[in-house]
Amino acid sequence: MAAEWHKTACSLCYVNCGLEVQIEGRSITRVRGDKANPRSEGYLCQKAQRLTFLGNHNDRLTTPLRRRPDGTHEPIDWDTALREIAERLTAVRDADRAAGRPGSFAYIGGGGQGNHSGGGYGKSLLSWMGGTRYFNALSQEKTGDFWVNGRMFGDQTCHTAEGVEECDLLLVIGCNPWLAHGFTNARSTINTIKNDPDRKMIVIDPRRTETAEAAELHLAVRPGTDAYLLSAILAMIIERGGQDAEFLATRTEGFPDVAAVLGRVPVDEWIAHAEVERADVERAVDMILAARAMTVRVELGIQQGRHSTLNSYLEKLLYLVTGNFGREGTNNLHTWLLPLWGNSPGQYSEITGFEYIGGLLPTNSMAEEVLTDHPNRVRALWVESSNPANTYADTRLVEEAVEACELSVVVDVAYTETAALADYVLPAAAQHEKWEFTLFDFEWPTNYFQIRRPLFEPLPGTLVEAEMYARLFDELGVLPDAATLAELVETARSDRAKLLRRAGEVMATHPGLAEIAPVLLYRTLGETLPDGAAALAPLWAGCHRTAKLLTTAVQRALGSDSTAPELGEQLFDRILSSPSGTPFSTHEYDEVWELVRNDRVQLAVPEMLEWLDRLDPATERPDPQYPFSLISGQRRSHNANQILRPPAWRKTDMDGALRARSADLASIGADAGDWVAVVTRTGRIVVRAEVDESMRPMQVALPHGFGMSVPDTHGGRVVNGPRINLITDATDRDPIAGTPHHKDVPVRLEPATAAESEAAERDSERVREVVAAARA
Ligand SMILES: Nc1nc2c(c(=O)[nH]1)N[C@H]1C(S)=C(S)[C@@H](COP(=O)(O)OP(=O)(O)OC[C@H]3O[C@@H](n4cnc5c(=O)[nH]c(N)nc54)[C@H](O)[C@@H]3O)O[C@H]1N2
Ligand SMILES: Nc1nc2c(c(=O)[nH]1)N[C@H]1C(S)=C(S)[C@@H](COP(=O)(O)OP(=O)(O)OC[C@H]3O[C@@H](n4cnc5c(=O)[nH]c(N)nc54)[C@H](O)[C@@H]3O)O[C@H]1N2
Ligand code: SF4
Ligand SMILES: [Mo]
């Protein structure tokens, strides 16, 4: 009999392609793209093919851990762990209240590349603790973009979608979709554009990337100078009268102010500073002005580059000034089932002065919120689905901050570098052991949502996050008594429409309960959902919200003429019964204006125009002490954040090599295969050198997704590849969003010493032993 294919989705990157898998025991044995998935339509990449290594390895946590005074961990049972944590949380909360200060509890994480089911519960804990300090990966890459969206479109949850599949010009700035994806079916889409004489692609990237190789035009910009190049392009467009006058007049405000500032741009000087050819820039302008529908696609190259927030502004001006917005094949906004971030203009940290953006503070400021004498400093830290000890800038500083907290708790599936520092470690059930979903639904005009059914039982000793938090709130005494819960469960079963009203009444009489609404839904509505899908209960509220806010679009997606609240129930049912995912909103292009919160798009953002006016190439010459520009965290064929820890999944790049041109290696007397030291003001790491002539001269790259310690074959642990954030600097960051300049880290290369090379070679050998054992 042919083995059964089960529907699921990939959580190795935020594109979350639909998959079908075969399983045996606790293992995924075969993987293929799910053709029935309405968004990804059968696509999968080289990483998902290695999903057979996810979860099925010997480094899972299977018991809660408590830190001993000597820093090692001992196993404890769940009851003890949750009781002690509850006592210590209560102590922190009581002390905050007694001192009359804001909650000193901070929350990190809440979901990686595709597991958002736990996040709502974790945020409930943050609210209940009276805290506001929330950090996650978005606040080290995307918050500058959100800030600009807030100013231009009126709300930080106005987030852009890309018409990649329909555009006739794809302008790719600072991203490499061939390897990193970032949009659906990236490789097929790039190939389609390449093979269609009527469609074109421009890539702005210092490196001749795989994506640039497929483009009509590649502008190999000098690292960190995008703001100059993009301003010059905009200035040239306006000089030629290439702006879309009708779009600007009817849909936007402030163009004259923008044009005035851009009119002062010394175009030739700035193009020279960016080290690209004037003729190539002219050609890019020609292509932009000739395009019927341009889509701009950006990512870390500019968001984690110098002038990050300004880059986000300029990139948006490119499509807005030319009227490439709100039509097929252009940039647009998109809907949400549940927004993944919030809107928080004008709220500031009293410790660092950074503004909350999307409800988040910069990860780069996390340590500063802890390591200070300020009476309102962070005293307790809760980390879920994140590994800041490897992924936040300046690893040593992050380690110091975690250890300085009075209480630190890590919720993860593996014994991460952050878990190793925590007072308590709570083992979560892994991706395919529970009901899951992702909130990365970024599509327009039709947007999709997919839930994932469990393929396996939770590994013994682990808990699904929802259950973990519910038990914790039981210990904390926040949940109502059993009889009240039973009555709410009954209401949920017999009359869901009544549930919200009844729940509201119960919340009114139970202090703190309103802050943990997702937990209450889990314990009540959740009990009534089919097949143990309790953790999906908060989605029910999201479906009702969406049906109310976007009635026509939801009706179209479902083919229904019902209205709220019935429409919300229908949407929830449709989502639960669509294992390949389902459209949840379908719009007409024109309706994008219903999502824009300002009457018109505000083009003139004063802080951005002032910044633009201040740009000065003379202030941006490389430091002779650190002459190379390092891409710290390059996406490659076989890295995937910190998600796949066991090295055996990697088909290539086992050591996570430094990539550089041979001439640059030769300049320090090094050759391919040698160990070299990468040195910054923050630290020094020793890495394997590899030749890559696609790099720009004086630019080198180290990969993201390495530096995880794994059990070796001798009963110890060994670190696989570079912990790149040992050499990054948390203060080298954007002035507004605080995002790190990870794509342009000034470094020096040196030959490694004999002792360093020997130690690195030994570790590399041990990693190879681990791989050989895993594949045997
Ligand atoms: N294989 C793989 N795919 C992934 C991930 C992974 O770990 N591995 N992670 C996922 C995640 S979380 C994210 S956020 C995305 C990130 O996806 P991307 O942003 O596409 O990936 P990066 O490799 O970080 O950097 C993008 C590009 O920026 C270029 N760059 C460097 N400096 C500059 C500069 O100064 N200006 C310009 N214009 N470009 C510059 C680099 O050469 C690189 O090609 O990838 C996702 N996909
Ligand atoms: N220098 C440098 N640093 C970077 C970057 C860079 O380019 N350069 N990129 C940044 C970017 S864009 C990102 S997105 C971040 C990513 O960094 P993080 O936000 O730290 O997230 P991940 O690396 O995705 O780590 C996911 C964690 O979740 C755990 N996990 C997996 N499944 C589950 C689950 O079901 N439940 C729980 N509780 N845990 C689970 C994994 O074991 C892992 O520890 O790194 C950032 N750091
Ligand atoms: S593109 Fe991303 S989500 Fe799709 S298969 Fe590859 S890693 Fe998974
Ligand atoms: Mo990311």
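Provided above is the structure to which this section pertains.
The sections below set out a description of the structure shown in this document.

Definitions and limits used
Residues numbered from 1 in each chain as written. Chains lettered and ligands numbered in written order. Predicted model: local features only at pLDDT ≥ 70, side-chain atom pairs only at ≥ 80, totals over all residues. Heavy atoms only, no water. Near = heavy atom within 4 Å. Polar contact = N/O pair within 3.5 Å; in protein donor to acceptor, adjacent residues only side chain to side chain. Areas by Shrake-Rupley, 256 points an atom, 1.4 Å probe, with all protein chains shown as cover. Helix = DSSP H or I, 4+ residues; strand = E, 2+ residues; numbered from the N terminus. Domains from an automatic or database assignment. Buried < 20%, exposed > 50% of the residue type's maximum accessible area, 1.4 Å probe, protein only. Contact = heavy atoms within 4.5 Å. Pairing = 2+ DSSP bridges.

## Overview of the site of ligand 2
So, point 1. The local shell around ligand 2 holds 31 residues, among which Asp412, Lys434, Glu465, Ser632 and Arg635 are the closest.
So, point 2. Between valine 411 and ligand 2, the recorded distance is 3.2 Å, taken from a backbone N or O atom to a nitrogen atom.
So, point 3. In this structure, a nitrogen atom belonging to ligand 2 sits 2.6 Å away from a side-chain N or O atom of glutamate 465.
So, point 4. Computed on the free molecule, ligand 2 has an accessible area of 930 Å², of which 97% lies beneath the protein chains in the complex.
So, point 5. Among the secondary structure elements, those contributing two or more residues to the shell around ligand 2 are β16 (407–412) and β23 (628–634).
So, point 6. Domain assignment of the residues forming the shell around ligand 2 places at least three in each of domain 2 (65–141 + 339–428) and domain 5 (622–775).

## Side note on the environment of phenylalanine 572
So, point 1. Inspection of the secondary structure assignment puts phenylalanine 572 in helix α23 (residues 566–576).
So, point 2. For the pair phenylalanine 572 and alanine 541, spaced 31 residues apart in sequence, the C-alpha separation works out to 8.9 Å.

## A short note on the side chain of glutamate 399
So, point 1. Note on placement: glutamate 399 falls in helix α16 (residues 395–404).
So, point 2. Accessibility expressed as a relative area gives 14% for glutamate 399, which makes it buried.
So, point 3. Only 2.8 Å separates the side chain of glutamate 399 from the side chain of arginine 396, close enough to count as a polar contact.
So, point 4. Ignoring any residue separated from it by four or fewer positions in sequence, one finds glutamate 399 in contact with Leu421 and Arg723.

## Comments concerning the pairing of β23
So, point 1. Burial analysis of β23 places 7 of its 7 residues in the buried class, the great majority of the element.
So, point 2. Pairing of β23 with strand β30 (residues 745–751), which is carried by 3 bridges, proceeds in the antiparallel orientation. If you follow phenylalanine 628 over to β30, its bridge partner there is valine 747.
So, point 3. As paired elements, β23 and strand β27 (residues 699–703) share 5 bridges and run parallel to each other. Residue pairing for β27: glutamine 634 is matched across the bridge by proline 703.

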